[in-house]
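Notes for the structure review
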Amino acid sequence: MITLVFGDFIGTSSAFMWNASGFLSNFRKIMKMLVEKIEQKFDQEKVIEEFEDLTKDAGKIQEETLEKILEQNRGTEYLQQWGLNGKTDPQTFKNCVPIVTHNDLEPYIQRVADGDLSPILTGKPIETISLSSGTTQGKPKFVPFNDELMESTMQIFKTSFAFRNREFPIGNGKALQFIYSSKQFKTKGGLAAGTATTNVYRNAQFKKTMKAMCTPCCSPDEVIFGPDFHQSLYCHLLCGLIFGDEVQAVSSTFAHSIVHAFRTLEQVWEALVVDIREGVLSSRVTVPSIRLAMSKLLKPDPELADTIYNKCSRLSNWYGLIPELFPNTRYIYGIMTGSMEPYLKKLRHYAGELPLLSADYGSSEGWVGVNVNPKLPPELVTYAVLPNIGYFEFIPLGGNLNGMEQANSPVGLTEVKLGEEYEIVFTNFAGLYRYRLGDVVKVKGFHNGTPELQFVCRRNLLLSINIDKNTEKDLQLAVEAAAKHLVDEKLEVVDFTSHVNVSADPGHYVIFWELSGEATDEMLQDCCNCLDKAFIDAGYVSSRKVNAIGALELRIVKRGTFHKILDHFVGLGGAVSQFKTPRCVGPKNSSLLQILSSNVVESYVSTAFC
């Protein structure tokens, strides 16, 4: 008997038809299996080597990337109107094509979404539209999505994982991923539309890449793509507990989703234990497809149920919940910067001694950089720009976040200076040209020839009435300072946001807090005064002293109010994975203001400057 071994394929001579055509046919099948297996294997060092090569000559790669983008799209209506005349060099591009915002491109994108098949923004037709989160402005934006953006996403994922796995290696395990896909719908022109995360999760490359990196999700697709995120979350938790010893990473797109998941676990853990003990899914899950998928995983397991019950029972205030229930977890992973920083304290509470690794830097419009220093804590994380995923420019801010200084011409990727702050302008493969992303970043260093950026804030998230300029970070620091008054009573700020009330005279800041329990009036008045004093911007302080800005108002909302905001967002078609609590609710976001205002239970006015 002859035994043939090709990789993992083992067969015997009896399996083959020993004629020429039969042998060749079977041989081709075997080789195809081998090729597929080789392609599936993730080569960590090769990915890192490719990244190093890209960043060593970032300037040249940038020029080549811009040339490629302009060559692909030279015949588009948008580029032709600016008189490039086929030129693809950076200087001609900057001289001819204006810097724009989403409002400038919206009419073009809308025509694409409505079914205009002419080359408007891209040479190849756009078949998919991404929706921005919409949590900031109150409504989502349409953004073109194509194969090149998907390839960039996979490049980011692979590069990030390679550096992460070098520092925190994981074996063949599973990832407890709190990911949710919202429904895709068809635009007027028949294009598939969904959140950026939904477009990624539904792409075949995503699952293939995750499998290659040995981090398949604990949950079946039916849970990820379920129509009710409450039911999906319950099943994510259940799947995590079933595969508890196999979980090597806990992740979600945003830190908020991880915190929300384990806050939910605190409420439903006993029901989850019952499901595992009896092998029957709770009646709270009603979606047939989810129930069917979970029935294949769920078998009666009294021993596991007892183990989980005992572990949860002995936890002190749920500290270290994650390593206790998932003992082989190496790290917690998700976006933890910007509006996610306020959740880090609670996330560290759940994580115990496990490291928190901040995920990569991107937006619905596209990717910017990758975290190649995963050991840095989230507060210090930087992102190395990948020079081949788009063409990047940077507007120097010089410490001034108010408006766009025309005197400050954008500089290129390799021309930025250490320690300086910039607003990102980028051009991608999906029809965005010299697009103001609206993010402020600081250059913290360089990886070979590419800058490492630290996210500072969103430019449009400013609390401002008079000459005051307070950013999202300023708000966060003020809330952290005031929340210290709650520590002795073991209370915490569950979530918060703000609003500038200019209907009053003089206008004043309104801060909304949701608390974990009841606090005294005296304590909350102290918090209110502390909030007012914690805004140290010179324009704010001087305006408060002369009453050009009125006394800050602290409004306490009912428990669950921010959950209602999340439900409202999901009801509009958003994905939980993409949800960010808006830190400043503008007047256009009337629906969120209504939710907040209708749930206020107490209000306090600052006496700090009296």
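Residues numbered from 1 in each chain as written. Predicted model: local features only at pLDDT ≥ 70, side-chain atom pairs only at ≥ 80, totals over all residues. Heavy atoms only, no water.

As annotated in an unreviewed UniProt entry, the chain carries the name Jasmonic acid-amido synthetase JAR1 isoform X3 and comes from Nicotiana tabacum. UniProt's Sequence similarities (unreviewed entry) comment on the chain is quoted here verbatim: "Belongs to the IAA-amido conjugating enzyme family." (UniProt positions renumbered as here; feature names shortened; annotations may be inferred.)

Looking at the overall build of the chain
Secondary structure summary: the chain contains 21 helices and 22 strands in total. With 610 residues in all, the chain has 54% of them scored as buried. Nonlocal contacts in the chain, meaning residues at least 24 apart in sequence, comprise 70% of its contacts between residues at least 6 apart. Accessible surface computed for the chain: about 26,800 Å², of which carbon and sulfur atoms make up 52%. (Helix = DSSP H or I, 4+ residues; strand = E, 2+ residues; numbered from the N terminus. Buried < 20%, exposed > 50% of the residue type's maximum accessible area, 1.4 Å probe, protein only. Contact = heavy atoms within 4.5 Å. Areas by Shrake-Rupley, 256 points an atom, 1.4 Å probe, with all protein chains shown as cover.)

Structural notes on the sheet that holds strand S3 (residues 128-131)
The mixed open sheet is built from four strands, whose spatial order is S4-S3-S7-S6. Looking at which strands have only one partner, the edges of the open sheet turn out to be strand S4 (142-145) and strand S6 (185-186). Alignment of S3 against strand S7 (residues 192-195), held across four bridges, turns out to be parallel. Bridge assignment links Ser-130 to a residue of S7, and that residue is Gly-194. (Pairing = 2+ DSSP bridges.)

Focus: the packing of aromatic side chains
A full pass over the atoms with the stated rule returns 21 aromatic pairs. Relative to Tyr-383, the ring of Tyr-361 lies with its centre 5.5 Å away and its plane at 50 degrees, an arrangement referred to as tilted. Here Tyr-383 lies in strand S13 (residues 383-385) and Tyr-361 lies in strand S11 (residues 361-363), a separation of 22 residues in the sequence. Classification of Tyr-361 by relative accessible area gives buried; the value is 6%. For Tyr-383, a relative accessible area of 1% translates into the label buried. For the pair Phe-426 and Tyr-435, a centre-to-centre distance of 6.2 Å together with 75 degrees between the ring planes defines the contact as edge-to-face. Just as Phe-426 is buried, Tyr-435 falls in that class too. (Phe/Tyr/Trp six-rings, centres within 6.5 Å; stacked < 30°, edge-to-face > 60°.)

Comments concerning the nonpolar core
Grouped together as the largest cluster of nonpolar side chains are 143 residues, with contacts concentrated most on Phe-262, Phe-394 and Ile-424. Here the element with the most residues in this core is helix H12 (residues 255-278); it accounts for eleven residues. Those residues within four positions of Phe-394 in sequence are excluded, and the remaining contacts are Ser-409, Pro-410, Val-411, Gly-412, Leu-413, Val-416, Tyr-422, Glu-423, Ile-424, Val-441 and Leu-453. The next biggest cluster of nonpolar side chains, apart from the first, holds 30 residues, and it includes Leu-475, Ala-483, Val-493 and Cys-527. (Core = buried A, V, L, I, M, F, W, Y, C linked by side-chain atoms within 4.5 Å.)

Observations concerning the packing of helix H2 (residues 44-56) against helix H7 (residues 147-167)
Packing of H2 against H7 brings their axes to within 9 Å, and their N-to-C directions diverge by 115 degrees. The angle between the axes of H2 and H7 places the two elements in the roughly perpendicular class. Judged by the twist between their axes, the crossing of H2 over H7 is left-handed. Taking contact as the criterion, the partners of Gln-44, Glu-45, Val-47, Ile-48, Phe-51, Glu-52 and Leu-54 in H2 are, on H7, Gln-155, Lys-158, Thr-159, Ala-162, Phe-163, Asn-165 and Arg-166. (Axes fitted to C-alpha atoms, helices over the stretch in contact; angles between N-to-C directions. Parallel < 35°, antiparallel > 145°, perpendicular 65-115°, else oblique. Left-handed = near helix turned anticlockwise from the far one by under 90°.)

Topic: the sheet that holds strand S14 (residues 391-396)
With respect to topology, eight strands assemble into an open sheet ordered S11-S12-S13-S18-S17-S16-S14-S15, the strand pairing being antiparallel. With one partner strand each, in any of the chains shown, S11 and strand S15 (411-412) form the two edges of the open sheet. Relative to S13, strand S12 (residues 366-370) runs antiparallel, the two being bridged by two bridges. The partner of Val-370 across the bridge, within S13, is Ala-384. Relative to the sheet, H2 contacts S12, S13, strand S17 (435-447) and strand S18 (450-458), its axis offset from that of S17 by approximately 100 degrees.

Re helix H17 (residues 472-483)
The end-to-end C-alpha distance of H17 is 16 Å, a good match for the 16 Å that twelve residues give at a rise of 1.5 Å each. Along its buried surface, H17 packs onto S18, strand S19 (493-501), strand S20 (508-515) and helix H18 (521-534). (Expected span 1.5 Å × (residues − 1).)

Observations concerning unusual backbone geometry
Cis geometry is adopted by the peptide bond preceding Pro-506, which originates at Asp-505 and carries an omega value of 0 degrees. For Trp-318, which is not glycine, the phi torsion reads 65 degrees and is therefore positive. As for its position among the elements, Trp-318 is in the loop between helix H14 (302-314) and helix H15 (321-325). If you check the backbone angles, Asn-547 has positive phi at about 65 degrees while not being a glycine. One can find Asn-547 in the loop between helix H19 (538-545) and strand S21 (553-557).

Some words on the pattern of salt bridges
Throughout the structure, instances matching the rule amount to 18 salt bridges. Close ionic contact of Asp-116 with Arg-111 constitutes a salt bridge, the shortest N to O distance being 3.1 Å. Judged by relative accessible area, which is 29%, Arg-111 ranks as partly exposed. In this structure, the salt-bridge partner of Arg-555 is Glu-553, at a minimum N-O distance of 3.0 Å. By relative accessible area, which is 18% here, Arg-555 ends up buried. On the basis of relative accessibility, which here comes to 12%, the residue Glu-553 falls in the buried class. (Salt bridge = Lys/Arg side-chain N within 4 Å of Asp/Glu carboxyl O.)

Remarks on the side chain of Asn-371
Within the secondary structure, Asn-371 is located in the loop between S12 and S13. Given a relative accessible area of 2%, Asn-371 falls into the buried group. A polar atom in the side chain of Asn-371 sits 3.0 Å from the backbone nitrogen of Asn-373. Aside from chain neighbours lying at most four places away, what touches Asn-371 is Ser-160, Phe-163, Ser-358, Asp-360, Val-381, Thr-382 and Tyr-383. (Polar contact = N/O pair within 3.5 Å; in protein donor to acceptor, adjacent residues only side chain to side chain.)

A closer look at the confidence of the model for the chain
Overall, the prediction assigns the chain a mean pLDDT of 85, with 87% of residues at 70 or greater. This stretch, residues 1-21, has a pLDDT under 50; its non-local contacts, to residues over four places away or in other chains, come to 26 contacts. Between residues 402-406, whose pLDDT stays under 50, and residues either more than four places distant or in other chains, the model counts ten contacts. (pLDDT = per-residue confidence, 0-100.)

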